[in-house]
Each structure stands twice: as structure tokens, then as C-alpha cells.
Amino acid sequence: MGLGVSGKSFSQKNPGPPTPDSAITHLREVRVLGFAPERFLTGQKSQPLDSAATEQGRYQTLADWLGTQAPVAFKSYGPGQVTTAGLRGTSGVHTAVLWNGVNINSPALGLTDFSTIAVAGLDRLSVQYGAAASALGSGAVGGSLLLQTLPDWTPGWHLSLGQRLGSFQNHQSQGVLRYTTAPKHGWQLSGKTAAYGSWQRNQTPYTQRRGYPVEPSETQQRGFLQDIFLKNQRQQQVSLNLWLTDNRATLAPADPVGRELLRTQAARLLAGFETKGFSVKTGFIRDVTDYGKGATSETNPSRTVTDRWLLRAEHERTFTPGPNRQATLRLGAELTHFIAQVDEYTGRLIRENRADLYALFRYRASERLLASVNLRQAFVTGFNPPPTPSLGAEYRLIFTKKNSLSAKSSLALSYRTPTLNERYWKILGNPGLRPEQGFNKELGAVWQHTARATASLELTAFHNQISNWTYWNPERGYRVENLQDVLARGLEVTARWQRPLGKTTPGFYGQYALTRSTQQRPYDAYSSDIVGKQLPYIPRHSGTATAYLQRGRSRFTGQLQAASYRFVTFDNSQFQGGYVLVNLLVDTALRLNRVEGRLSAQAFNVFDTLVLSVKSNALPGRSFAVNLTFNLFSNPI
Amino acid sequence: MKTGYFIRQSSILAAFSATLFACDPSNEAPQPYERGVLVLNSGNFFDNNGSISLLTRTSDTASTNIFQRVNNRPLTGGAQGYAEVEDKGLILVDNSSAGLDKVEIVDARTFKSLATLAAPDIENPRAVVKVGAGKAYVTCWGTVGQFPNFFVNPGYIAVVDLTQNRITKKIPLQKGVEGLALVGNEVFITGQGDENLLQVVDSQTDAVRIFMTGAGSATKSGIDLGGNAGTLTLDANNKLWTLVGREAVRINPQTKTIEARLPVGTDPRRSPGNLTLSGDRRTLFFTYTFYDAADNYKQKGELYAFGINDTSIPTTKPVARKVFSGLGFDAESNLLYAGFTPSFKQAGYVFRYQSDGKLVDSVKVEVGPSGFYFK
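Cut-offs and rules
Numbers given for residues are sequential positions, taken from 1 along each chain in its written order. Naming scheme: in the order in which they are written, chains are lettered from A and ligands are numbered from 1. This being a predicted model, a pLDDT of at least 70 is required before a residue's local features are given, and a value of 80 or more before pairs of side-chain atoms are given or counted; all residues contribute to the totals for chains, interfaces and linings. Working from all heavy atoms in the structure, the side-chain values ignore hydrogens and water. Only DSSP runs of H or I covering at least 4 residues are called helices, and only runs of E covering at least 2 are called strands; the numbering of each starts at the N terminus. Values of the radius of gyration come from C-alpha atoms, whereas the globule rule sets the reference at 2.2 Å times the count of residues to the power 0.38. Relative accessible area decides the class of each residue, using a 1.4 Å probe on protein chains only: under 20% of the type maximum gives buried, over 50% gives exposed, and in between gives partly exposed. Residue contacts are counted whenever heavy atoms from the two residues lie within 4.5 Å of one another. Calculation of accessible area relied on Shrake-Rupley with a 1.4 Å probe; when residues are assessed, cover is drawn exclusively from the protein chains displayed. For two strands to pair, DSSP has to find at least two bridges joining them. Each axis is a line fitted through C-alpha atoms, and for a helix only the stretch in contact is used; angles between axes span 0 to 180 degrees, taken between their N-to-C directions. The patches reported here contain residues having more than 30% relative accessible area and no salt bridge. Joining distances are 9 Å for like charges and 5 Å for nonpolar side chains (Val, Leu, Ile, Met, Phe, Trp, Tyr). Here, a salt bridge means any side-chain nitrogen of Lys or Arg that lies within 4 Å of a carboxyl oxygen of Asp or Glu. What counts as buried area is the accessible surface, traced by a 1.4 Å probe, that two parts surrender upon association, with contributions from both included. Any pair of nitrogen or oxygen atoms within 3.5 Å is treated as a polar contact; in protein, a donor-acceptor pairing is required on top of that, and neighbouring residues in sequence qualify only through side-chain atoms on both sides. Note on aromatic pairs: the rings of Phe, Tyr and Trp (six-membered ring only in Trp) are paired at centre separations within 6.5 Å, and the planes decide the class, stacked below 30 degrees, edge-to-face beyond 60, tilted for the rest.

1. A few points about the overall build of chain B
Phase 1 of the analysis: Each helix and strand counted, chain B has 2 helices and 29 strands in total.
Phase 2 of the analysis: The C-alpha atoms of chain B give a radius of gyration of 23 Å, which matches the 21 Å a tight globule of 375 residues would have.
Phase 3 of the analysis: Principal-axis analysis of the C-alpha atoms places the extent of chain B at approximately 95 × 45 × 40 Å.
Phase 4 of the analysis: Counting every position in chain B, which comprises 375 residues, the buried fraction comes to 56%.
Phase 5 of the analysis: A separation threshold of at least 6 residues defines the contact pool for chain B, and within that pool the share at least 24 residues apart is 45%.
Phase 6 of the analysis: Accessible surface for chain B amounts to roughly 15500 Å². Of this, 51% is attributable to carbon and sulfur atoms.

Structure (C-alpha cells):
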């Protein structure tokens, strides 16, 4: 009952490129209890990130790597500095980031700084496009990023030790140990311990690029992950996930007076138990942010501490009313208690309760039709977001042995609870803010071809109207108001192709997005200069592409990441130039009995294209990295 | 063949993306910048997108970002100040990060960059004035810390030799040195760093004048203004004016004494700013603004004026009812130029007024118009 094999369905649905044998490969066999919540988002676009690419990006941060895989509008303040990610014409606060099903966006900022999240230790990543608040909760307005760590039930152990050496004295070290016991008395344990540390010194041999300064900065990062999964024959599972991250970004490190330190730390702990359709999850997440300048940047920073206590209970039933028919109903309740201690807040100690009730229903009506209906009601101390339903369907128009063509569509409301900063910041915060509300409509078609060549093509059109968009209004001394209405709409194309040719397998996948995102409602005499104009930092055209050649254990990869010019002002009077970045990656592996040595040589931005941070400083140009990884297996491979 | 396919596929993609992603909105052709009104736009502080626009006296459109147009690179910070010394212009550039500020020296006619004076010599430049042939003073705060210890370092004047385009000397002064005015061979300097001094530097010798405080042999490097002060301006009576808190202060530069302290208006919520002299140097304009707590902190304010011989400064008859981000007066056309910033995330406007407050026109410029230079 209710056994979704999401790992498998992932590989069937998206015939990805052959993965260079590694720990990642084993994940294909993973079985997880229940459906992942995004499986209830029928009719919406979702993009599981390519596992071979994830392996290639294992020494990078999400800020650096994700841009090569998906058309994400990043706002980067500099190398190793704060980087936020907006999807489909929205901003960082409209991107929900979930780790093992739990939202990890900072409650103070309402977003995740992608420069503080390393790819290392994460097992599966996927991008969910569009509004998903009915299934994922607050903030899933423009899109969501789903990060997962997963068990591997193949008995044995696997140790992986790696080092990256990069240009500008940017280095990273990491170690991952996975271990799984053989089933004993009906029980089996699978665990993973991972640790990484990096020092990004950004010692570029130049201080400016084409007239734009390169801001001196350095970033130290470390992280620790511990997963334990324990299951028995009766499909009961206990899980424990711990993730600690610590990120220190320093600006002007050589200047004792002007030096600025932003330290972002997070401790995330989840414990779960699942049995026959019931699951309980409890968690604790602490986010600590310290900002300081000058001599006392370390000793007397301005501090933000937010704690979250979470309890979630779900019940799921699956019915099989007939052949090719299956209905799954999930009922869930979630309680979260927030405690915020922020130097810059009125009142300093803020306590807040939030609760969510939701019902998710997925129905496979026939071989052709799949539909889902979801509803969530959130409750927040002081005010309640409106009920958030969504409705979606996928219909297979054609399915032959080699080809299938599906049409999909979805209607979804979404909401975003205003952040703690927006409500409680000294003087400027506005406790009376209303939640932002989105209405996302999308329509898509997917063609899949499976023969000697595998290929797929997906077209999606979306239209997302977001009202009560919050704005730090300069006319009122930057006090926050629900001032704007934003309409984001666009077209997306995703293509994938692969065909073995003798011993060589070439392949390609890419995405293109056309995004129009505009402010719709005038709110003062001069907002007429803004209404109808593209929002800042959102390129109209963006795209990513990866082409590869796999031969034996070696792979040659070309990555392309492109964005058209982005306006930096609301009235579109100023812009930063468009860019096309090209990366070249070569990976090869050497094996000897139980040991595998893996070497990866990577060249980033080979044409030395100029890209600017939101501070209009130049990001460093062309760079190189060599990654050396040793994998040691308990069993011969 | 396999490789050929791969290459063909990749090159089609590359060509496609080059056309799609590399096409930026085009710029208009450059022009000489000998005459007209330079508008200094601060940009949005953390966006480092300040710029200089040129407005001719007769045109109702501005040439934007003229430094970038000519030099194919941006200012990389707010345009904090501008002055000309013979045929050269000095642009003060303030970047949001420590160590990235600078002074761009340009050909005043073409705006072509001739030299860049950078950190650590230039850090937080505030104002610039010509003090002699081929010589300019630039006030600088030095590197600043964080509130409440904002002014950590002493301020200084960077002495610029325009014949060699270099900094010859740094004159240490009070913390937060700000406004500058040349009277004869003496340069008067105000500060924002709570030392409250009006300092005097000899523009020939670069020596800081020392004042006896009266009691015994105690000395001070300036006269006490009683508070922080900004812009200094010299009127038709050869008196200096500056704003200290909610007062306009008149200083006799010959005797180095404070002659008058005139309270500005009566509203304790408001503060005066942007003190600007008319073309005949007999009228002073100023902004008078506040955030209205009773109206959800909406910023409100007007523009007022007073005469240099007035004995009080009432704020009963506004010249214009708007909150301005910068003022300047063009002696040639006898018009007041007032910068207006709807927000620091969109282009601002310059409103042109006759001295009596009659609006002539308004012209869209760039982000945060906050200063003017008339040539």
C-alpha cells in the first residue's frame, strides 16, 4: 500500500544520461515510504536535477552549481557572498527550499542564501516550478527547490574522500561515509556521515575587470551531515537527519576597519517514524546570522537567532478501485513554533505559532488520466492566510511503444507568510502585513521518445499573478507595505536527448525560459514609470544547456548558462548586460579492485565573460578546478 | 561523424544563444560636454550605480551616464561630488564597499578619463573644490566603521595636483570632514564626526590653522560650530553659511567668528538641508523635511528661501511643495535646479524653477539626482 518508488519513476520518466558509476547510481534502487509531497502536484513542471551533473557539482555551492542546471534568476552580491534565487519571474522569498520535506528558508529573511548551501552530502535535488503552496506550504509561490538525503539499502560501506583545488586559492575538502548493515532479525540500518570544508579566498590576479571592481572577499564554509535510517520487514522506518552548516563571508578582509563579516549558521535536525500509512516527523531548526563591521565584527556583531520546532503527522491511504486506477489520499497536520531573538527587532524576543492542515489527493483514473486536488489551510499567530487549493491533471494523448505525448495543466493558489523581518524589524517592520497571495495557472505538453535514442521535449506556459507583494517603501522611510501586484508569465522549453553510438554515448539536455514579470498596480504618482516594466534582476531570456560525451568511465561535458540583460531599476532605466557562460568539464575514473580514483578537471567561464554582482562589481572571470576523489568500497565493484 | 554531430549541435546552440542573450539595449552616440548642467546622481547605495547626466539649459531631455558612454565603463559608485580645475574635471566616486572608492580625473570637455585616484588614498570622498591653479582639495572620511563607532579614523584632505594627476599630500583633520569653501587663500572645512569644528587650511602651504582658545596656551585646530555641519557657501556679503542642526549659521571668514545663528522654522520634527545660494548670492534656498509619524511615516517637506540679510527664517511661504534630494542654482539662466528622487530604484527628475518658485519644467535624469555643476 502506498509504496511509491519515486527513485525508479524518476529514472523512467527522465531517461537521464548514464551516470558514471558512483554512490549516486545506487540511489536508483531506493524505495521510499509514501509519495514525496511534490507527487501530488500533478500537471506542474518538475525537474529532477541530473545525477551526473550533481556529481560534477559536488564541490560547489548551490549558488554556483544550480545556475548551470536550471533557468534560475540569481541575485549574487559577490563570489561566496549572499546569493538568492528566484524562479519564474519571482524573487528569493518566493522560492521555497525544502530539505527532506521541511522548509529551511530563514524565517527572518524568508529565503535561503544559496551560497551557504553546499551540494556535498545531498543525494537528490529537484526543482519544482510554479506555485506549490498547497503541498509544500508558505513561500512556494514562484517555485521550490527540493533537497533530499536518502538511504541506500545495499549492504556494505563506501568511503569517499575528495579534494578540490581551484583558481584564486579556492579549495574544498570533503569526506562521505555510507554504511548499511545486512538485514538482521528483520531490521536493517543505513547511515551516512558527511563532512566538508572550504576556503574560498578569491585571490584573483586582477582588482578589476573591464572597469568594474572585483571586490576583495573570502568565504570559509563547513558542514556536517548525518543520516540514519532504520527499517524493518513490516515497512516501518525510523529516520534521523542532521545537517549543520557554517558559512563565514568576509568583505575587505585586509582592512581592519572596513572589514565586514556575515556569518550564517544553521543546525537542522529531523526525526521521523513511518508505519503503514502513518508518519510522524519532528524537527528543530536553528538559524543564526551575525553581521559585524570593523574591529568588533567578531566580538560584537548584530545577531539574529531563530528557532523552529516542528511536529508533523500524516496519514495516507491508497485505494485501487479497478485496473489502472489508483487513488491516494494524504491528510496532514503540522505545528511549528517560532522563537526569534533579533537585536534589531522591536521586542527582541518574538514567539509565534503556525499550523497547517492539508489534504492531498491524487487519482489515476485510467492509463491516460492522472489528476490531483489539494487543499491547505495555514494558521499564523495574529492572522490567517487564505485557504490554498490546487488542482491539476495530466492526460496522455498518445502512447505507443516508442512515443508518448501528454498534456498537463494546473491551477494553484499560493501564499507567503510575511517574514519576521518584514513584521518585527525595529520601526520599519509592519506587524499588520497581509500574506502575499499567488494564483498560478500553467499548461504544458510533454513528448517522450524511447527507442535506441531517448528524447523528451516539454513545453510549458505559465501565468502567475501575485498580489499583496511586499515592498520596503522608500517614500515612507523604507517601512514595509503590501504595495505591489506582480504578474509573472512565460514560456519554458525543456529538451533532453541521448543516443548510444558504439562505445560512445552523446547526450544533451537544456532549458530555455522566456519570462515577463511586471508590476501591475500604481501606488504613487511616480509608479507610472514602473507599471508594466520588467522587474529588476529578472532576465527576459534565460537558458542552460549541457552536452556530453560518455565513453567508458570518462565523460566530456560542456555546460552553457545564459541570461539576457537584466534591469537593475524598477523603471528599466538601467541594466546589466546579458551573458553566455561556457564551462568545460572532463571526468575520468580509474579502478583497482575496491578502490576507485576519480579525477575531474573543470574550466569555468572559458570565454572570460563579464558577469556583475547586484552591487555592480565584477565577479571573478575564467577559473579552473581539479577535483580528486577516492572511493573505497567494502564490496568489489 | 559522432563528434561532428556533437560539434554541429553545440555550435548551433552557441550561435543561437549569442544572439538571444548578448543583445543589450543600445546607447546613443556620445557628444561633447563643454556646456550645460551636470547632474550628479548618487544611484542606489548598494547598487553602486551612480552616474552623471548632462542637461543643456534649453533642452528638456538629458544625456544619461556620460562617463560610461565615453569611457565604456561605469563610475562604479555614487557620484558624490564634481569640480573643474582648468580643463579637467574631478568626479568623486563612492562605492558601498571599503577600498573601492576613487576620484576619476576626466577631460572636462570630452569626459574622457585621464587618471584614476584610488584607495587607500581616496576613501569615502565627500566634497571637492579648486583651491589654486592645477590644485584641488578633496575631503575624505577615511574608512568608516559601524554605528555607533562610525567615524573610526580622522578625516583628511587629499591634495590633488592636476598637472601630474596625482595626490601629493594628505592633510589630517577632524573626523568626518565634509563641506569645503575657498575664501581668498583659505579653505574652510566642516565636519560630520561630532568634533563640531570649522577648520581652516591655507591653500598655498596646506597648513592647518591653529586657534588660541583664550585660556593660557591651549590651542584648537578650528572654531566650534556647536554641532555637525555640511555644505559651506559664500554669500554676496562675503559671509559663509552652513546648517548646524536646525540652525543656519553665518560665519565671518575674515574674523573667523560666528556672527549669527538663525533658527530655521519652528517645527521640531523637521530638519533643514541642501543649503544653496542663488545666482546673485543674496538668497539661500533649503529643503525642510520630515517623516510624518501621523501619516504612516510618509516623507514630507517643502522648499523655502531666505535673504542673506534676514534676521529670522520663517517657514510659512514655501517656494515649492516637494521633497528634493538635491539643489543647485544656475546663475546663467537664473533658474533653481531641484533633484527629485521618487525612489532609489528608478530614475529621478530635475525640476527647474524661477527664483520666485514658478515651475519651468521637469526633466527625467537618473537614479538619485543629488548635486549639480553648472558650466
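After presenting the structure, the write-up continues.
2. Re unusual backbone geometry
Residues and elements named next belong to chain B.
Phase 1 of the analysis: For the bond running from Ala119 to Pro120, omega is 5°, close enough to zero to count as cis.
Phase 2 of the analysis: Looking at where Pro120 falls in the secondary structure, it is placed in the loop between strand 7 (113–118) and strand 8 (125–132).
Phase 3 of the analysis: The residue Asn196 is not glycine, and still its phi comes out positive at about 60°.
Phase 4 of the analysis: Residue placement: Asn196 occurs in the loop between strand 13 (186–191) and strand 14 (197–202).
Phase 5 of the analysis: If you check the backbone angles, Asn238 has positive phi at about 60° while not being a glycine.
Phase 6 of the analysis: Position of Asn238 relative to the elements: it lies in the loop between strand 18 (233–234) and strand 19 (240–244).
Phase 7 of the analysis: Relative accessible area serves as the criterion here: at 38%, Asn238 is assigned to the partly exposed category.

3. As for the sheet that holds strand 27 (residues 349–354) of chain B
All names here are of chain B.
Phase 1 of the analysis: Within the open sheet, the 4 strands sit side by side as 25-26-27-28. Their pairing is antiparallel. The two strands at the open ends of the sheet, each matched to only one other strand, are strand 25 (326–330) and strand 28 (359–364). Direction aside, the axes of adjacent strands within the sheet are offset by 20° on average.
Phase 2 of the analysis: As judged from the 5 bridges shared by strand 25 and strand 26 (residues 335–340), these two strands associate in the antiparallel manner. From the neighbouring strand, Gly328 faces strand 26, where its bridge partner is Tyr337.

4. Focus: a nonpolar patch on the surface
All names here are of chain A.
Phase 1 of the analysis: On the surface, Trp157, Leu161, Leu177, Leu592, Val595, Leu599, Val626, Leu628, Phe630 and Leu632 cluster together into a nonpolar patch covering about 860 Å² of accessible area.
Phase 2 of the analysis: Taken together, the elements giving at least two residues each to the nonpolar patch come down to strand 8 (156–166), strand 32 (595–604) and strand 33 (623–633).
Phase 3 of the analysis: Sort the elements by how many residues they give to the nonpolar patch and strand 33 lands first, with 4 residues.
Phase 4 of the analysis: Judged by relative accessible area, Leu628 falls into the partly exposed class, the value being 38%.

5. Quick word on the environment of Ala70(A)
Residues and elements named next belong to chain A.
Phase 1 of the analysis: One can find Ala70 in the loop between helix 4 (62–65) and strand 2 (73–76).
Phase 2 of the analysis: On a C-alpha basis, the gap between Ala70 and Leu161 in space is 28 Å, while along the polypeptide they are 91 residues apart.
Phase 3 of the analysis: When neighbours within four sequence positions are excluded, Ala70 is seen to be in contact with Gln47, Val127, Tyr129 and Thr544.

6. Here's the deal with the interface of chain B and chain A
Phase 1 of the analysis: Taken together, the contact pairs 51 residues of chain B with 58 residues of chain A.
Phase 2 of the analysis: Interface area for chain B against chain A, summed over the two sides, is near 4500 Å², with a carbon-plus-sulfur share of 59%.
Phase 3 of the analysis: Between chain B and chain A we count 1 salt bridge in total.
Phase 4 of the analysis: Among the ionic pairs, Lys364(B) bridges to Asp529(A), the shortest N-O distance being 3.7 Å.
Phase 5 of the analysis: Counting the contacts that link chain B with chain A gives 14 residue pairs in polar contact (both at pLDDT 80 or more).
Phase 6 of the analysis: For the side of chain B that touches chain A, the secondary structure elements donating two or more residues are helix 1 (2–21), strand 24 (298–307) and strand 27 of chain B.

7. Describing the packing of aromatic side chains
Phase 1 of the analysis: Within this structure, the stated rule accounts for 33 aromatic pairs over all chains.
Phase 2 of the analysis: Seen in terms of ring centroids, Trp99(A) and Trp243(A) are 5.5 Å apart; in terms of plane orientation they differ by 45°. Their pairing is tilted. Of this pair, Trp99(A) sits in strand 4 (residues 95–99) while Trp243(A) sits in strand 14 (residues 237–251); the two residues are 144 residues apart in sequence, bridging distant segments of the chain.
Phase 3 of the analysis: Judged by its relative accessible area of 0%, Trp99(A) is buried.
Phase 4 of the analysis: When its relative accessible area of 0% is taken as the criterion, Trp243(A) is described as buried.
Phase 5 of the analysis: Summarising the aromatic geometry, the rings of Tyr565(A) and Phe567(A) are spaced 5.2 Å apart at their centres and angled 85° between planes, so their arrangement reads as edge-to-face.
Phase 6 of the analysis: An aromatic cluster of three or more residues is present, and its members are Tyr526(A), Phe324(B), Phe340(B), Tyr349(B), Phe351(B) and Tyr353(B).

8. Some thoughts on the pattern of salt bridges
Phase 1 of the analysis: All chains considered together, the criterion is met by 53 salt bridges over all chains.
Phase 2 of the analysis: A salt bridge links Arg248(A) to Glu298(A), with the nearest nitrogen and oxygen atoms 2.7 Å apart. Here Arg248(A), found in strand 14, pairs with Glu298(A), found in the loop between strand 16 (278–293) and strand 17 (302–322); they are 50 residues apart in sequence, far enough to count as distant.
Phase 3 of the analysis: Classification of Glu298(A) as partly exposed rests on a relative accessible area of 49%.
Phase 4 of the analysis: Close ionic contact of Lys408(A) with Glu458(A) constitutes a salt bridge, the shortest N to O distance being 3.2 Å. Residue Lys408(A) is located in strand 22 (residues 403–416), and its partner Glu458(A) is located in strand 24 (residues 454–473); the two are separated by 50 residues in the primary sequence.
Phase 5 of the analysis: Via salt bridges that share partners, Asp267(B), Arg269(B), Arg270(B), Asp292(B), Asp295(B), Lys300(B) and Glu302(B) belong to a single interconnected network.

9. Looking at the pairing of strand 21 (residues 257–263) of chain B
Residues and elements named next belong to chain B.
Phase 1 of the analysis: In terms of strand pairing, strand 20 (residues 247–252) meets strand 21 through 6 bridges, oriented antiparallel. If you follow Arg250 over to strand 21, its bridge partner there is Ala260.
Phase 2 of the analysis: Joining the antiparallel neighbours strand 20 and strand 21 is a turn of 4 residues, in which Lys256 adopts a positive phi near 60°.

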